[in-house]
Amino acid sequence: MHAMARVFSGIQPSGELHIGNYLGAVRNWVALQDTHECVICIVDYHAITQAYEPALLEARTFDMAVGLLAAGIDPDRSVLFVQSHVPEHTELSWVLNTVTPIGELERMTQFKDKAQRQESVLAGLLNYPVLQAADVLLYRADLVPVGEDQLQHLELMREIARKWNARFAENFFPEPQAMVGQARRIPGLDGEAKMSKSLGNTVGLLDPPERIWELLRPAKTDPARVTRKDPGDPEKCNIYTLHQYFSPPETVRHVASQCRSAGWGCLDCKRVLADNMAATLAPIRERAEALKAEPERVREILGDGAERAATIGRETMRTVRAAMGLMPAREVTLRR
Ligand code: ATP
Ligand code: MG
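Parameters and conventions
- Residues numbered from 1 in each chain as written.
- Chains lettered and ligands numbered in written order.
- Predicted model: local features only at pLDDT ≥ 70, side-chain atom pairs only at ≥ 80, totals over all residues.
- Heavy atoms only, no water.
- Helix = DSSP H or I, 4+ residues; strand = E, 2+ residues; numbered from the N terminus.
- Rg over C-alpha atoms; globule rule 2.2 N^0.38 Å.
- Buried < 20%, exposed > 50% of the residue type's maximum accessible area, 1.4 Å probe, protein only.
- Contact = heavy atoms within 4.5 Å.
- Areas by Shrake-Rupley, 256 points an atom, 1.4 Å probe, with all protein chains shown as cover.
- Lys, Arg positive; Asp, Glu negative; His and termini not counted.
- Charge placed at Lys NZ, Arg CZ, Asp CG, Glu CD.
- Pairing = 2+ DSSP bridges.
- Near = heavy atom within 4 Å.
- Polar contact = N/O pair within 3.5 Å; in protein donor to acceptor, adjacent residues only side chain to side chain.
- 1 Å grid on protein atoms, 1.4 Å probe; cavity = no way out; pocket = protein on both sides within 12 Å on 5 of 7 lines; lining within 4 Å.
- Sits in = over half its atoms within 2 Å of the grid points.
- Nonpolar A, V, L, I, M, F, W, Y, C, P; charged D, E, K, R; others polar.
- Points joined across faces, edges and corners; volume = space filled by probe spheres on them.
- Phe/Tyr/Trp six-rings, centres within 6.5 Å; stacked < 30°, edge-to-face > 60°.
- Lys NZ or Arg CZ within 6 Å of the ring centre and 35° of its normal.
- Patch = residues over 30% accessible without salt bridge, like charges linked within 9 Å, V, L, I, M, F, W, Y side chains within 5 Å.
- Salt bridge = Lys/Arg side-chain N within 4 Å of Asp/Glu carboxyl O.

1. Let's talk about the overall build of the protein chain
Then, number 1: Along the protein chain, the regular secondary structure elements total 14 helices and five strands.
Then, number 2: Here the C-alpha radius of gyration of the protein chain, 22 Å, is about what a compact globule of 336 residues would show, namely 20 Å.
Then, number 3: Taking the principal axes of its C-alpha atoms as reference, the protein chain extends roughly 75 × 45 × 40 Å.
Then, number 4: Among the 336 residues that make up the protein chain, the fraction classed as buried is 51%.
Then, number 5: A sequence separation of at least 24 residues applies to 78% of the contacts in the protein chain between residues at least 6 apart.
Then, number 6: Summed over its atoms, the accessible surface of the protein chain is roughly 16,100 Å², and 52% of this surface lies on carbon and sulfur atoms.
Then, number 7: Charged side chains in the protein chain number 40 positive and 44 negative. The centres of these two groups are separated by 3 Å.

2. Looking at the pairing of strand β3 (residues 79-82)
Then, number 1: Of the two faces of β3, the one carrying V79 and F81 and the one carrying L80 and V82 are both buried.
Then, number 2: Bridge count for strand β2 (residues 37-42) against β3 is four bridges, and the pairing is parallel. The residue of β3 that forms the bridge with I40 is L80.

3. Some points on the site of ligand 1
Then, number 1: The local shell around ligand 1 holds 24 residues, among which K114, D149, K194, K197 and S198 are the closest.
Then, number 2: G147 places a main-chain nitrogen or oxygen 2.8 Å from an oxygen atom of ligand 1.
Then, number 3: Isolated, ligand 1 exposes 600 Å² of accessible area, and the fraction of that covered by the protein chains is 98%.
Then, number 4: Cavity membership is defined here by more than half of the atoms lying within 2 Å of grid points; on that basis ligand 1 lies in the largest pocket.
Then, number 5: Those elements giving two or more residues to the shell around ligand 1 turn out to be β1 (6-11) and α1 (19-32).
Then, number 6: Considering each element in turn, the shell around ligand 1 owes the most residues, four residues, to α1.
Then, number 7: Class assignment for the residues of the shell around ligand 1 results in six nonpolar, twelve polar and six charged.

4. Structural notes on the layout of surface pockets
Then, number 1: Its volume calculated, the largest pocket comes out at about 970 Å³.
Then, number 2: Lining of the largest pocket is provided by 47 residues; of these, Q110, D149, Q150, K194 and S196 occupy positions nearest its centre.
Then, number 3: Those elements that provide at least two residues to the lining of the largest pocket are β1, α1, α6 (109-116), α8 (128-138), β4 (143-145) and α9 (151-168).
Then, number 4: Residues of the lining of the largest pocket, tallied by class, amount to 17 nonpolar, 20 polar and ten charged.

5. Some remarks on the packing of aromatic side chains
Each aromatic ring pair is characterised by the separation of its centres together with the angle its planes make.
Then, number 1: Considering all chains together, one arrives at six aromatic pairs under this definition.
Then, number 2: With a centroid separation of 5.8 Å and an interplanar angle of 50 degrees, the aromatic rings of W164 and F172 are classed as tilted.
Then, number 3: Judged by relative accessible area, F172 falls into the buried class, the value being 11%.
Then, number 4: Aromatic side chains W164 and F173 sit 5.0 Å apart centroid to centroid with 65 degrees between the ring planes, which places their arrangement in the edge-to-face category. Summarising the burial analysis for this pair, W164 and F173 share the class buried.
Then, number 5: The rings of W164, F168, F172 and F173 are connected pair by pair, giving a single aromatic cluster.
Then, number 6: We note R271 situated over the ring of W213; from NZ or CZ to the ring centre the distance is 4.4 Å.

6. Topic: the side chain of S14
Then, number 1: When you line up the elements, S14 lands in the loop between β1 and α1.
Then, number 2: Engagement of the side chain of S14 in a polar contact is seen with the side chain of K197, the distance being 3.2 Å.
Then, number 3: Once residues within four sequence positions are removed from consideration, S14 is found in contact with A47, Q50, R60 and K197.

7. With respect to the environment of R228
Then, number 1: On the secondary structure map, R228 appears in the loop between α10 (209-216) and α11 (238-246).
Then, number 2: Taking relative accessible area as the criterion, R228 reaches 46% and is therefore assigned partly exposed.
Then, number 3: C-alpha separation for the pair R228 and C266, spaced 38 residues apart in sequence, amounts to 7.5 Å.
Then, number 4: Apart from residues lying up to four places away in sequence, R228 is in contact with A262, G263, W264, G265 and D268.
Then, number 5: Polar side-chain contacts of R228 include one of 3.1 Å to the backbone oxygen of A262.

8. As for a nonpolar patch on the surface
Then, number 1: On the surface, a cluster of nonpolar side chains totalling about 250 Å² of accessible area is made up of Y45, I48 and Y52.
Then, number 2: As for its position among the elements, I48 is in the loop between α2 (44-47) and α3 (54-71).
Then, number 3: The exposure class of I48 is partly exposed, given its relative accessible area of 37%.

So, to be careful, I would describe these as geometric facts and stop short of saying anything about function.
This is the structure we're talking about:
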């Protein structure tokens, strides 16, 4: 077994990497690199379960890699790769489908939410959590740092691991533990849903200062603040939530009191947030620019990552196939 506890986490190239992804997940991955072996996957096979534009997927996958590297994923310490480059993910996913109850999949909140937005509900969306279980279990990972929205999937993943173990090989798959950080759920700028790539309510991690301001200016705040003179409740305001992640503590206190006393208007408050956000994100954006100028280097990192991931994945699949009684292929056949 691996010496350092292993972390697995994934992110879909379903749109631009946003500050919700960063605060809720990616920055925890970056921190965990010091103490854990991290396997970070850009899950393109997950992204195709929602409406998407094939002509954009490759660029989005590449941009996601750039964003993750710029945010601090270190390819010398962590394995960073693209899901579809390691076919064992889909292979194990098929296997796990055979031990997953449909009833469990149908009651997943993410499935119900996203199914509502599809014209006809497709099997890929229903089986999304099975592929996700395969992602993590393929590496027999111990820990999965995610936002709050993924806790239900993690619970199901543990059940899938237990069912497979009980039927085929006791204790083979560890039951992965979810890990949620302080920023469990960053709200979207629409003031309704969580911030989501697919909902267009995001601030991009790589957005320049002008764009940040353009996005924050019309964002929803406490509805009680109809006019400049109406006092508000910061606890009901998304902008205040975001101040807590981008502004220093004394500013956060000042913002709260200026909101309650109607000392500041919402635009004043947003202006301060926009400046602090832009300053916090500036070094990430600079690193991303440098990486975009070297696309070959990014592709090389993903290639190395896929090789390292596949080495682990092939080993897991050998054991899985043997435990399930599948006939071994002869050396000369195309088995990877
Ligand atoms: P999509 O809308 O396509 O589902 P997404 O923005 O939800 O995209 P995912 O790729 O599904 O992003 O999730 C990547 C990681 O980011 C997961 O760990 C997820 O829990 C986390 N995450 C997503 N949105 C938020 C949010 N608003 N707050 C905190 N964490 C989040
Ligand atoms: Mg999501």
